[in-house]
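# Architecture at a glance
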Amino acid sequence: MNTVLGKAMVVLSAFTADDHGVGFAELQRRTGLPKATLHRLLTELVAVRLLDRDDSRYRLGRQLFELGMRASVERGLIEVATPFMEDLYERTHETVHLGVLEDAEVVYVAKIGGHRQASSPSRIGGRMPLHCTAIGKALLAHAPDELRSQVLSGPLPRRTPRTITAPGMLAKQLDTIVEAGVSFEFEEAAVGIVCVAAPVLDASDRPIAAVSATGPITRFRPQAHATQVRAAAAGISATLARRPRTEPHTA
């Protein structure tokens, strides 16, 4: 916050995945920056195309998207995962997600859905808590002990009546996920939405990402698709493991 770059990051981080345009007053409320400072930063961010301005409203600029797509880890992961995600979609005809672990949250980096996709709270580039999402629980189950302890010792916010908020119950579920290789979510992040996920692991069983299939409880039975989701995650893991030996590094 005490540097220009730090303040610029505060401004950029103030936008959410659902924003289509945010006014100056709302950005000031979100950032807490003085009006003059915020106005100067917005002008400079627009000038370098990190933000776009439409009348009096701002949104994240295309330059950010271009820079983000150059991030070698996520780009390579999405390139490898996409065929497996497309195959999983064809098998389930429900929304397929790919998420990665960032701090103590899930960041969704890819999503495939058809015309009848469920209205889930996930957005590409958006974040969700680990404890109430199938992808989050798949990642947390294989995360380092320090992160698991951090999540289990902290508050587990209730998002729906079915969100697991008891640390002991969540810990038992995480142990089961490690044994089964698959995790489930039953209306824990959003009412009416169910999900099944599996982790994408490296050679040391550390989580690289997780893949899931999500649908409305009225038609989707996640248990029936556990094997398919697990196979998709295993395919991504195996392909990523082969890549360094067969393809040059082009970051």
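Residues numbered from 1 in each chain as written. Predicted model: local features only at pLDDT ≥ 70, side-chain atom pairs only at ≥ 80, totals over all residues. Heavy atoms only, no water.

### What to know about the overall build of the chain
As a reminder of what qualifies: What counts as a helix is a DSSP run of H or I of at least four residues, what counts as a strand is a run of E of at least two, and both are numbered from the N terminus. Exposed residues in this analysis have more than 50% of their type's maximum accessible area, buried residues have under 20%, and partly exposed residues fall in between, with area computed by a 1.4 Å probe over protein chains only. Whether two residues touch is decided by their heavy atoms; if any such pair falls within 4.5 Å, the residues are in contact. All accessible areas in this document rest on Shrake-Rupley with a 1.4 Å probe, and a residue is counted as covered only by the protein chains that are shown. The positive count covers Lys and Arg only, the negative count covers Asp and Glu only, and His and the chain ends enter neither. A charge is said to be at NZ when it belongs to Lys, at CZ for Arg, at CG for Asp and at CD for Glu.
Looking only at helices and strands, the chain features nine helices and nine strands. With respect to the three principal axes, the spread of C-alpha positions in the chain is 55 × 45 × 40 Å. Residues counted as buried form 45% of the 251 residues belonging to the chain. Long-range contacts, defined as pairs at least 24 residues apart, comprise 56% of the intrachain contacts of the chain with a sequence gap of at least 6. As displayed, the chain has an accessible area near 13400 Å², and 54% of this comes from carbon and sulfur atoms. Across the chain, 30 positive and 27 negative side-chain charges occur, with their mean positions spaced 3 Å apart.

### With respect to the sheet that holds strand S1 (residues 22-23)
Two orientations exist for strands paired in a sheet by backbone hydrogen bonds: parallel and antiparallel. Rules: By the convention used here, strands pair only if DSSP detects at least 2 bridges between them. Each axis is a line fitted through C-alpha atoms, taken for helices only over the stretch in contact, and angles between the N-to-C directions span 0 to 180 degrees.
Taken together, the three strands give an open sheet; going across it, the order is S1-S3-S2, and neighbouring strands pair in antiparallel fashion. Strand pairing shows two members of the sheet lacking a second neighbour, S1 and strand S2 (51-54), which therefore form its edges. On the sheet, helix H3 (residues 35-47) packs against S2 and strand S3 (57-60) and is oriented at approximately 105° with respect to S2.

### A short note on the layout of surface pockets
The criterion, for reference: Both cavities and pockets are sets of points on a 1 Å grid over the protein atoms alone; in a cavity a 1.4 Å probe fits but cannot get out, in a pocket the set is open with protein on both sides within 12 Å along at least five of seven lines, and lining residues sit with an atom within 4 Å of a point. Grid points are joined across faces, edges and corners, and a volume is the space filled by probe spheres set on the points. Note on residue categories: nonpolar means Ala, Val, Leu, Ile, Met, Phe, Trp, Tyr, Cys or Pro, charged means Asp, Glu, Lys or Arg, and polar means any other residue, Gly included.
In this structure, the largest pocket encloses a volume near 1300 Å³. Looking at the largest pocket, it is lined by 34 residues, and the ones nearest its centre are Leu60, Leu64, Ile124, Gly125 and Gly126. Among the elements of the structure, helix H1 (4-13), S3, helix H4 (62-69), helix H5 (72-92), strand S4 (95-102) and strand S5 (105-112) are those that each provide at least two residues to the lining of the largest pocket. In terms of residue count, H4 provides more of the lining of the largest pocket than any other element does, six residues in total. Taken together, the residues of the lining of the largest pocket sort by class into 17 nonpolar, eight polar and nine charged.

### Notes on unusual backbone geometry
Excluding glycine, most residues fall at negative phi; most peptide bonds, likewise, are trans. Despite not being glycine, Asp103 shows a phi value in the positive range, around 60°. By the element assignment, Asp103 lies in the loop between S4 and S5. Backbone geometry places Glu187, a non-glycine residue, at a positive phi of 55°.

### Comments concerning the pairing of strand S8 (residues 193-201)
Of all the nine residues making up S8, nine are buried; the element is thus mostly covered by neighbouring parts of the structure. Note that strand S7 (residues 183-186) and S8 share four bridges and pair antiparallel. When the sheet's bridge partners are listed, Phe186 is paired in S8 with Val194. The loop that links S7 with its antiparallel partner S8 comprises six residues; one of these, Glu187, has a positive phi angle of about 55°.

### What about the sheet that holds strand S9 (residues 207-216)?
With antiparallel pairing, the six strands of this open sheet are ordered in space as S6-S5-S4-S9-S8-S7. Taken across any chain shown, the strands that pair with only one partner, and hence form the sheet edges, are strand S6 (127-129) and S7. Strand after strand, the sheet turns through a mean of 30° between neighbouring axes, direction not considered.

### Some thoughts on the environment of Tyr58
If you trace the backbone, Tyr58 turns up in strand S3. Judged by relative accessible area, Tyr58 falls into the buried class, the value being 5%. Remark: the alpha-carbon pair of Tyr58 and Ile217, spanning 159 residues in sequence, is separated by 37 Å. Those residues in contact with Tyr58 that sit more than four places away from it in its chain are Phe15, Gly21, Val22, Leu27, Leu42, Val46, Asp52 and Arg53.

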